[in-house]
Amino acid sequence: MSPEVGVLDEDALARLLDEDPDDSLAMLAEMMTATDEELRRHAHRLAARLVLERSRTGRPAQRGTGRPRLVPASRGGDLDLDASLDAVMTARAEQRPAHLDELSARDWGQAQLALCLLVDDSGSMTGARLAAAAMVTAACALRAPAEHAVLAFGRDVRPVRRLRDVTPPAEVVNRVLQLRGHGVTGLAGALRAGTEALADARATRRVVVLLSDCRATDEQDPVPAARGVPELIIVAPRDDGEAAEELAAESGARCATLGSVDEAVGLLNELLN
């Protein structure tokens, strides 16, 4: 793939990607931190494009007629007097005007989806798992383009993309591909951060996707934090999914294991449906 210094053979990469997407994407991720500056630049340019192209397979279409739903009046819509009556009476009793956030309105938008992806970049993160994380990141961007967050976590939680950030998906994918695993796995803190990241979402459905083997190596029990997530989906490596399945069973989450990067999009669709 790199016959000379600073050269990346794109044809060789395309052939390898068709034959073995896991190894080729993992190798491309490693190239993004190469000492060869020119090779690193080529890898950075290609990686996100290839991941995004492969993640578009199976992209769900937006279908269906919008249904009326109650939303805070501050978000617009038609004021619902019946649903707002209690708030109005409370405000009158306190001799103040009712705030828009206290009143209810109806709009006719489709129920939307907000996602928060938690990427485990503790010591267990390897090239293949990094490639899988990038693929799931791209899939999340395509499925919830308006509201999706990406957080990386080990001992601490670090934002890769905030909920309504304007960073292009390609740049977010590249940031994930440049993560390098180290340190402990703080699951409880990550789950709480994922819930907090979705707190201001406008979407009616809020889902945290946890990409991890779920082997917590700090002293905090992740089960209470997992139970506090509005909707939790766990995606674990197929060769190391026992702890993830246990966490799902104890918290009521949905869980599946991922064997290849090309399974990521279909698996996410299945779990979200």
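Here is a short report on the structure shown in this document.

Cut-off values and rules
Residues numbered from 1 in each chain as written. Predicted model: local features only at pLDDT ≥ 70, side-chain atom pairs only at ≥ 80, totals over all residues. Heavy atoms only, no water. Helix = DSSP H or I, 4+ residues; strand = E, 2+ residues; numbered from the N terminus. Buried < 20%, exposed > 50% of the residue type's maximum accessible area, 1.4 Å probe, protein only. Lys, Arg positive; Asp, Glu negative; His and termini not counted. Salt bridge = Lys/Arg side-chain N within 4 Å of Asp/Glu carboxyl O. Polar contact = N/O pair within 3.5 Å; in protein donor to acceptor, adjacent residues only side chain to side chain. Disulfide = S-S within 2.5 Å. Pairing = 2+ DSSP bridges. Axes fitted to C-alpha atoms, helices over the stretch in contact; angles between N-to-C directions. Contact = heavy atoms within 4.5 Å. Parallel < 35°, antiparallel > 145°, perpendicular 65-115°, else oblique. Nonpolar A, V, L, I, M, F, W, Y, C, P; charged D, E, K, R; others polar.

Some thoughts on the side chain of Arg-143
So, step 1. Note on placement: Arg-143 falls in helix H5 (residues 127-143).
So, step 2. An unpaired buried charge is present at Arg-143: no salt bridge exists, and Asp-262, the closest side chain of opposite charge, is 12 Å distant.
So, step 3. Within the structure, Arg-143 has its side chain in polar contact with the side chain of Asn-269 (distance 2.6 Å).

Here we look at the state of the cysteines
So, step 1. Counted according to the given criterion, the structure contains 0 disulfides.
So, step 2. With no disulfide of its own, Cys-116 lies 9.0 Å from the sulfur of Cys-140, the closest cysteine sulfur.

Some details on the pattern of salt bridges
So, step 1. For the coordinates displayed, the defined rule picks out 13 salt bridges.
So, step 2. Note that Asp-240 and Arg-129 form a salt bridge whose closest N and O atoms lie 3.7 Å from each other. One end of the pair, Asp-240, is in the loop between strand E8 (232-237) and helix H9 (242-251); the other, Arg-129, is in helix H5, and 111 residues separate them in sequence.
So, step 3. By relative accessible area, Asp-240 is classed as buried at 12%.
So, step 4. Asp-240 is paired through a salt bridge with Arg-215; the nearest N and O atoms lie 2.7 Å apart. Here Asp-240, found in the loop between E8 and H9, pairs with Arg-215, found in the loop between strand E7 (205-211) and helix H8 (222-227); they are 25 residues apart in sequence, far enough to count as distant.
So, step 5. What makes Arg-215 partly exposed here is its relative accessible area of 39%.
So, step 6. Each member of the salt-bridge network shares a partner with another, and the members are Arg-129, Asp-213, Arg-215, Asp-239, Asp-240 and Glu-242.

What about the sheet that holds strand E5 (residues 148-153)?
So, step 1. What the 6 strands build is an open sheet, ordered E6-E5-E4-E7-E8-E9; its pairing is mixed. In this open sheet, the two strands that pair with only one neighbour each are strand E6 (157-161) and strand E9 (254-258). Pairs of neighbouring strands in the sheet enclose a mean axial angle of 20°, with direction left out of account.
So, step 2. Of the strand pairs in this sheet, strand E4 (residues 113-120) and E7 are connected by 7 bridges, and their pairing is parallel. Within the sheet, the bridge partner assigned to Val-119 lies in E7 and is Leu-211.

Description of helix H6 (residues 169-177)
So, step 1. Where H6 is concerned, the buried positions are Val-172, Val-173, Asn-174, Val-176 and Leu-177.
So, step 2. The elements touched by buried residues of H6 are helix H2 (21-31), helix H3 (37-55), H5, E5 and E6.

Brief notes about the packing of helix H1 (residues 10-19) against H2
So, step 1. Where H1 contacts H2, the two axes come as close as 6 Å, and the packing angle between them is 135°. Taken together, the axes of H1 and H2 are oblique relative to one another. Contacts between H1 and H2 involve Leu-13, Leu-16, Leu-17, Asp-18 and Glu-19 from the former and Pro-21, Ser-24, Leu-25, Met-27 and Leu-28 from the latter.
So, step 2. By residue class, the composition of the contact of H1 with H2 is 7 nonpolar, 1 polar and 2 charged.

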